[in-house]
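Structural overview for review
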Amino acid sequence: MRSFLKNSLSRKPIDILIGGHLVRKIAKVGVIVGIRQIILAVINFCYVIVLSRLLPPEVFGVIALAAFFQTFLATIIQSSFAESIVQAPSLSLDQINKVFWRNASLGVIAALILLAVSPLAVSFYSEPRLYYVMFMMAASMLIQVAFVPFQALLERNMLIEWLTVVSMVPPLVNLIVATSVALMGGEIWSVLFGTFCDSMTRAILLVAAISWIPRKSSKGVDISSISSYGLRNVGGAIVGFLSRNIQVLALGKWASPTEVAFYNRGQSIFQRPVRQLAAPMVNVVFPKMCKEQHNRERVLDIIVRSTWTVGLGMLPLAAAFVCFGDWISVFLLGGNWTTSGEVVRYLALGEVPTLLMMALVRGNAAVGRPAKGLYVTLGILPVLIGGVFLWAEDGAIAVAQFIVVLRWVCMPLYLWIYLREVGFSRKVFLHGLFQLVAIFISLVALGFAVRDYVATSTVGFNFLIGLLFLFLSYLYFGICYAACRLGREILIWILDAVGMILKALGIQFFANWLRFIHHSFSRHTD
């Protein structure tokens, strides 16, 4: 095991990371990613719970107001070059050097823009604390954005061991620093210092992972294909960001920072952890889809399997939070966050269309159509903005309800766009999608029946019921998967990959036990 970690976490020369894609076995990488994201979600969950109990809701509202602008600028830059580096069929050293300096320049410009708009934000929200909050966020963003090409190279070559370290250590440092400062009475500074230390730690680890000192590129180096892909991706990223975060502006202006905090904590309890878990399940196969982009049948097969893998991992969690999210949230965050508990339930329901289409969206990006749904989102955006601003005066719960309805209504339109003129079989994808939706709906109906039967006024008992239902939800999905051929193949794939990881780590007993289950499923599949 020591030699395995030593080889995996050795510093990688830049020469082996450029050129074509270095694709590793998806099953093994996927399991490592799954384990990593679970641990990372636990760390972030602890961060949310601890700081929610140490700091008043208003603090998170002010941070969320400033984070809107910072995240907006960071999204533009990261979508410009990060995915372009991963998707490019081949790269040269001169190209990646030029991309680094262009990306760093954009980071400086973005930080200056963030500082320039801080007086406008203070005036718009009548919140003077935004001055120093946005200054600290500009410093953190400058560090974070500068090293985007380093992380993109790790993702391009599926160096999952280094990506695991880079993903897990900074949030842990953030948790320790933020908690320590909060205990000393730092309040809003606890969040700011924690975020800054997160960015610094991430930068140090990325430099340690790759032996590369970016130099000035040769004259005439062509990165037009990388820039073109990035520009197409930026439009979709901007519209997607606004569609997910416009409620922060509306609630901050027409309600209060406290209502922003309620919505933000609802996102932190469910929406962000779920995306944090689900996105890598799809991103891990993105290099493989890019390599197979000219074989549309093969790409579709990867999309369908990825969708079912995301479904197995995330839909039971979504069903449990739709039914019991308020009980779980109130127990974890405390009685001051009851409104966030209701927000969580609606956000969980509204996240299901995103989860079901996530692999399809990435598949379109892999074949050179990264912003296929841009025009649909642009058409819907005025409706979204108008509805959010209309309902903002009624608070966070009303905004969450409106967004849920809009996402489910728009889902068929997005499916039509992403399956149109791309070479993917609609029948194959929709057949699997309808099966997952049917399983999810039946589970939610069962959850509401249980809720009506066992509801009490005891917070702790309600929380235990929610946890028990979460466990039974995964069992229910596992049984449903075992009853159909594709589901059994996904279960076999996961068991096989976990068994290989356990064997590599020397945990032979559990590896043999999983192999026995694997053979049992294989006999039924055959």
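This part takes up the overall build of the protein. The helix and strand inventory of the protein stands at 19 helices and two strands. Counting only residues that meet the buried cut, the protein has 56% of its 526 residues in that class. Of the contacts made within the protein by residues no fewer than 6 positions apart, 84% connect residues no fewer than 24 positions apart. With an accessible surface of roughly 22300 Å², the protein has 67% of that area assigned to carbon and sulfur atoms.

Applying the stated criterion across every chain, the model contains 11 salt bridges. Close ionic contact of Glu-351 with Arg-275 constitutes a salt bridge, the shortest N to O distance being 2.6 Å. Highlighted residues: Glu-351 in helix α13 (residues 338-366) and Arg-275 in helix α10 (residues 257-283), separated in sequence by 76 residues. Owing to a relative accessible area of 0%, Glu-351 belongs among the buried residues under this scheme. For the salt bridge of Arg-305 with Asp-301, the shortest nitrogen-to-oxygen distance reads 3.2 Å. Placement of both Arg-305 and Asp-301 in helix α12 (residues 296-333) is noted, with a separation of four residues, approximately one turn of the helix. The network of salt bridges with common partners includes Arg-298, Asp-301, Arg-305, Arg-485 and Glu-489.

One pass over the full model with this rule turns up 20 aromatic pairs. Ring geometry for Phe-324 and Trp-327: centres 5.2 Å apart, planes at 55°, overall tilted. Pair noted here: Phe-324 and Trp-327 are both in helix α12, with a separation of three residues, about one helical turn. For Phe-324, a relative accessible area of 0% puts it in the buried group. Aromatic ring contacts, followed pair by pair, group Phe-100, Trp-101, Phe-147, Phe-150 and Trp-212 into a single cluster. The lysine or arginine in question, Arg-265, covers the ring of Phe-60, its NZ or CZ lying 4.0 Å from the ring centre.

As a note on interpretation, predicted positions should not be read in detail where pLDDT is low. Chain-level statistics for the protein give a pLDDT mean of 83 and a share of 90% at 70 or above. Segment residues 507-511: pLDDT under 50, and seven contacts once partners within four positions in sequence are set aside and those in other chains are kept.

A separate point is the packing of helix α3 (residues 57-87) against α10. Think of two packed helices as two axes; the pair is described by the angle between the axes and how far apart they sit. As a packed pair, α3 and α10 sit with axes 7 Å apart at the nearest point and diverge in direction by 85°. Looking at the two axes, α3 sits roughly perpendicular to α10. Residues Pro-57, Glu-58, Phe-60, Gly-61, Ala-64 and Leu-65 of α3 form the contact with α10, whose participating residues are Pro-257, Thr-258, Val-260, Ala-261, Asn-264 and Arg-265. Residue composition of the contact of α3 with α10, grouped by class: seven nonpolar, three polar and two charged.

Turning our attention to the environment of Leu-172. Within the secondary structure, Leu-172 is located in helix α7 (residues 160-183). Separated by 128 residues in sequence, Leu-172 and Asn-44 place their C-alpha atoms 8.2 Å apart.

Structurally, Glu-155 can be placed in helix α6 (residues 148-156). When sequence neighbours within four positions are dropped, the list of residues in contact with Glu-155 reads Val-86, Leu-163 and Pro-287.

It is worth spelling out a nonpolar patch on the surface at this point. Taken together, the side chains of Val-108, Leu-112, Leu-115, Phe-135 and Leu-142 present a nonpolar region at the surface, about 440 Å² in accessible area. Per-element tally for the nonpolar patch: the top contributor is helix α4 (residues 93-125), with three residues. Position of Phe-135 relative to the elements: it lies in helix α5 (residues 130-146).

Moving on, we get to α10. Between its first and last C-alpha atoms α10 spans 34 Å; for 27 residues at 1.5 Å apiece the expected length is 39 Å, and the helix comes up short by more than 12%. Of all the bends in α10, the greatest measures close to 45° and is centred on Ser-268.

Let us look at the state of the cysteines. Applying the stated criterion across every chain yields a total of zero disulfides. Here Cys-484 is not cross-linked by a disulfide; its sulfur's nearest cysteine counterpart is in Cys-480, at 8.1 Å. Here Cys-484 falls in the buried class, since its relative accessible area comes to 17%.

So, about helix α9 (residues 224-254). The first and last C-alpha atoms of α9 sit 43 Å apart over 31 residues, in line with the 45 Å expected at 1.5 Å per residue. At Arg-244, α9 shows its maximal kink, close to 50°.

One non-glycine residue with positive phi stands out, namely Ser-126, at about 55°. Here Ser-126 is to be found in the loop between α4 and α5. Classification of Ser-126 by relative accessible area gives exposed; the value is 60%. Although it is not a glycine, Glu-187 adopts a positive phi angle of roughly 45°. For Glu-187, a relative accessible area of 40% corresponds to the partly exposed category.

Conventions and cut-offs
Residues numbered from 1 in each chain as written. Predicted model: local features only at pLDDT ≥ 70, side-chain atom pairs only at ≥ 80, totals over all residues. Heavy atoms only, no water. Helix = DSSP H or I, 4+ residues; strand = E, 2+ residues; numbered from the N terminus. Buried < 20%, exposed > 50% of the residue type's maximum accessible area, 1.4 Å probe, protein only. Contact = heavy atoms within 4.5 Å. Areas by Shrake-Rupley, 256 points an atom, 1.4 Å probe, with all protein chains shown as cover. Salt bridge = Lys/Arg side-chain N within 4 Å of Asp/Glu carboxyl O. Phe/Tyr/Trp six-rings, centres within 6.5 Å; stacked < 30°, edge-to-face > 60°. Lys NZ or Arg CZ within 6 Å of the ring centre and 35° of its normal. pLDDT = per-residue confidence, 0-100. Axes fitted to C-alpha atoms, helices over the stretch in contact; angles between N-to-C directions. Parallel < 35°, antiparallel > 145°, perpendicular 65-115°, else oblique. Nonpolar A, V, L, I, M, F, W, Y, C, P; charged D, E, K, R; others polar. Patch = residues over 30% accessible without salt bridge, like charges linked within 9 Å, V, L, I, M, F, W, Y side chains within 5 Å. Expected span 1.5 Å × (residues − 1). Bend = angle between axes of the 7 residues up to and from the residue. Disulfide = S-S within 2.5 Å.

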